[in-house]
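Understanding the architecture of this molecule
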Amino acid sequence: MLFSLKSLSSAMALLPLVVANIQDIQTRDNTIERRLVEPVIAINPTDANFGISAVAPGRFVTSADGTKIFAEARGNPSKPAIVFIHGFGIGAMAFNEIFDDPDWLSQAYMVRYDTRGHGRSDKPTTAAAWVSQRLAEDFDAVVQSYNLNKPFVLGWSIGGTHIADILSFHPPSYISGIIYDAAVPDTASLFNVGAPGAIALVPSLIQTTNVTQFQEAYIDFINLCHPALEWNFYLACLGDGVVQPRAATALLLARTQNSTGLLQAGTSGALPLLAIFGADDKVVIKQASLDAIPGWQRLTVVTLPDAEHFTWISRPVLFRTTVLQWISQNA
Ligand SMILES: *[C@@H]1O[C@H](CO)[C@@H](O)[C@H](O)[C@H]1NC(C)=O
Ligand SMILES: *[C@@H]1O[C@H](CO)[C@@H](O)[C@H](O)[C@H]1NC(C)=O
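Residues numbered from 1 in each chain as written. Chains lettered and ligands numbered in written order. Predicted model: local features only at pLDDT ≥ 70, side-chain atom pairs only at ≥ 80, totals over all residues.

Looking up the chain in an unreviewed UniProt entry gives the name Putative oxidoreductase ephD, with the organism given as Mycena venus.

Have a look at this one:
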């Protein structure tokens, strides 16, 4: 009896690690629908991930240089695939509100990953780990692991730069289209596209001698992204800053890339691009972002009224319908 209770409780302790990747989700009209979500896995503390120890739904994919990238898929696999690439400091959890939204889950197959140096992924601090091709290979590992065929790619903020990496090493036909959400198109334009208030924080964010200065700057940065985040989410944003080695922060802000592939994909008409901006964004300058992609042929620009840098948190329904309608026209 004692033995079986013990094995029952250890089986229950293991339960979150073995649940099938199907979840019942209550939609806004109170029906229950089945959606694909990833099983929960353990994230073990290693030097490569800066000691992170946690559990989360998702999987590790291995990039070409051995870096472990944490990725997660949710939604309806029969719908168009969208890979979401997060911005500075805050990892893939930035998109929680989208990945928990039944209307998004029913209309898209959504994949997100912590880019190297962020969240649950490995955080290399050598210059070799931050050359453009390595970041393109991280995306490739995610695409291969989920068998994605020509996904749409959404880059938020500095996450937009990853699309320039991808198009340096692949033809435009590798993806179906680009969604820039308050995006920095390439690393060369970073310090033009970043608003002065955000750029002013950079020295405080990469220095390693004054903890107070780092704390204040990172809190300021999250406040600039949105001034009224729900508290638990706010803490999660702050936490993703804490799990990043400052050396990785410095490398990701200093890295360079070749934008030729990106720009040719636009001027040739090969790829459609939806550029979304928040009218109240305090992190990114809209015109500077558009100036970084001159001559883009198939360009749709949408500015969301009353939207902060966290555009989809400011205007969740408008953001969702803007993206999904554009995808349905370009899928
Ligand atoms: C550390 O940074 C804080 C906030 O910017 C500043 O007030 C303080 O003087 C700094 N301390 C040192 C020792 O520089
Ligand atoms: C950038 O890539 C293009 C090809 O896409 C190549 O012709 C050019 O030489 C590259 N520029 C640099 C600086 O490597």
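Quick word on the overall build of the chain
A count of helices and strands for the chain gives 15 helices and 12 strands. A compact globule built from 331 residues should have a C-alpha radius of gyration of about 20 Å, and the chain, at 20 Å, falls within 12% of that. Principal-axis analysis of the C-alpha atoms places the extent of the chain at approximately 75 × 50 × 40 Å. Out of the 331 residues in the chain, the part that is buried amounts to 45%. (Helix = DSSP H or I, 4+ residues; strand = E, 2+ residues; numbered from the N terminus. Rg over C-alpha atoms; globule rule 2.2 N^0.38 Å. Buried ≥ 20, exposed ≤ 12 C-beta atoms within 10 Å, placed from the backbone.)

Quick look at the environment of glycine 51
Among the structural elements, glycine 51 can be located in the loop between β3 (40–43) and β4 (54–57). Classification of glycine 51 as exposed rests on a count of 11 C-beta atoms within 10 Å. Separated by 192 residues in sequence, glycine 51 and valine 243 have C-alpha atoms that sit 8.4 Å apart.

A few points about unusual backbone geometry
Notably, phenylalanine 50 is not glycine yet its phi reads approximately 70°, a positive angle. The topology assignment puts phenylalanine 50 in the loop between β3 and β4. If you check the backbone angles, asparagine 147 has positive phi at about 55° while not being a glycine. Relative to the elements of secondary structure, asparagine 147 occurs in the loop between α4 (132–145) and β9 (152–156). Assessed through the 8 C-beta atoms surrounding it within 10 Å, asparagine 147 is described here as exposed.

Some points on the site of ligand 1
All residues adjacent to ligand 1 are Asn210, Thr212, Gln213 and Glu216. Residues belonging to the shell around ligand 1 are distributed by class as follows: no nonpolar, three polar and one charged. (Near = placed C-beta within 6 Å. Nonpolar A, V, L, I, M, F, W, Y, C, P; charged D, E, K, R; others polar.)

Some details on the packing of helix α5 (residues 161–169) against helix α12 (residues 260–267)
Relative placement of two packed helices is described by the angle separating their axes and the distance separating the axes. The interhelical angle for the contact between α5 and α12, taken along N-to-C directions, is 85°, at an axis separation of 7 Å. The angle between α5 and α12 places the two elements in the roughly perpendicular class. Counting all contacts with α5, which are made through Ile163, Ala164, Leu167 and Ser168, the residues of α12 involved are Gly261, Leu262 and Ala265. Split by residue class, the contact of α5 with α12 holds five nonpolar, two polar and no charged. (Axes fitted to C-alpha atoms, helices over the stretch in contact; angles between N-to-C directions. Parallel < 35°, antiparallel > 145°, perpendicular 65-115°, else oblique. Contact = placed C-beta atoms within 7 Å.)

A word on the nonpolar core
Grouped together as the largest cluster of nonpolar side chains are 81 residues, with contacts concentrated most on Met110, Val111, Val142 and Val153. Residues in contact with methionine 110, not counting those within four places in the same chain, are Ala73, Arg74, Gly75, Ile82, Phe84, Ile98, Phe99 and Trp104. Residues Ala129, Trp130, Ala248 and Leu251 belong to the second largest nonpolar core, which totals five residues. (Core = buried A, V, L, I, M, F, W, Y, C linked by C-beta atoms within 7 Å.)

Concerning the confidence of the model for the chain
Across the chain, pLDDT averages 93, with 94% of residues at or above 70. A low-confidence stretch, residues 1–20 stays under pLDDT 50, and its non-local contacts, those more than four residues away or across chains, total eight contacts. (pLDDT = per-residue confidence, 0-100.)

Structural notes on the packing of helix α9 (residues 211–225) against helix α10 (residues 231–242)
α10 packs onto α9 with a crossing angle of 135° between their chain directions and a minimal axis gap of 10 Å. Classified by the angle between their axes, α9 and α10 sit oblique to one another. α9 and α10 meet at a crossing whose hand is right-handed. Residues Tyr218, Ile219 and Ile222 of α9 lie in contact with α10, whose contacting residues are Tyr234, Cys237, Leu238 and Gly241. (Left-handed = near helix turned anticlockwise from the far one by under 90°.)

Topic: α5
Burial of α5 is extensive: seven of the nine residues sit out of reach of the surface. Those residues of α5 lying buried are Thr161, His162, Ile163, Ala164, Asp165, Ile166 and Leu167. Buried residues belonging to α5 abut β7 (81–85), α4, β9, β10 (177–181) and α12.

Here's the deal with the environment of alanine 108
Mapped onto the elements of the fold, alanine 108 is located in the loop between α3 (102–107) and β8 (109–113). A count of 23 C-beta atoms within 10 Å places alanine 108 in the buried class. For the pair alanine 108 and arginine 74, spaced 34 residues apart in sequence, the C-alpha to C-alpha distance is 8.5 Å. If near-sequence neighbours (up to four positions away) are discounted, alanine 108 is found in contact with Gly75, Asn76, Lys79, Pro80, Ile82 and Leu324.

Points about α4
Over its 14 residues, α4 extends 21 Å from the first C-alpha to the last, a length consistent with the 20 Å expected when each residue adds 1.5 Å. Buried residues of α4: Ser132, Leu135, Ala136, Glu137, Asp138, Phe139, Val142 and Val143, and no others. Looking at the packing, one finds that the buried side of α4 touches β5 (59–62), β6 (68–75), β7, β8 and α5. One or two residues past the end of α4 sits asparagine 147, with phi positive at roughly 55°. (Expected span 1.5 Å × (residues − 1).)

As for the environment of phenylalanine 152
Positionally, phenylalanine 152 belongs in strand β9. For phenylalanine 152, a count of 23 C-beta atoms within 10 Å corresponds to the buried category. In the structure, phenylalanine 152 is positioned 78 residues away from glutamate 230 in sequence and 29 Å away in space, judged by C-alpha atoms. Setting aside residues up to four positions removed in sequence, phenylalanine 152 forms contacts with Pro80, Ala81, Ile82, Ile175, Ser176, Gly177, Ile179 and Ile327.

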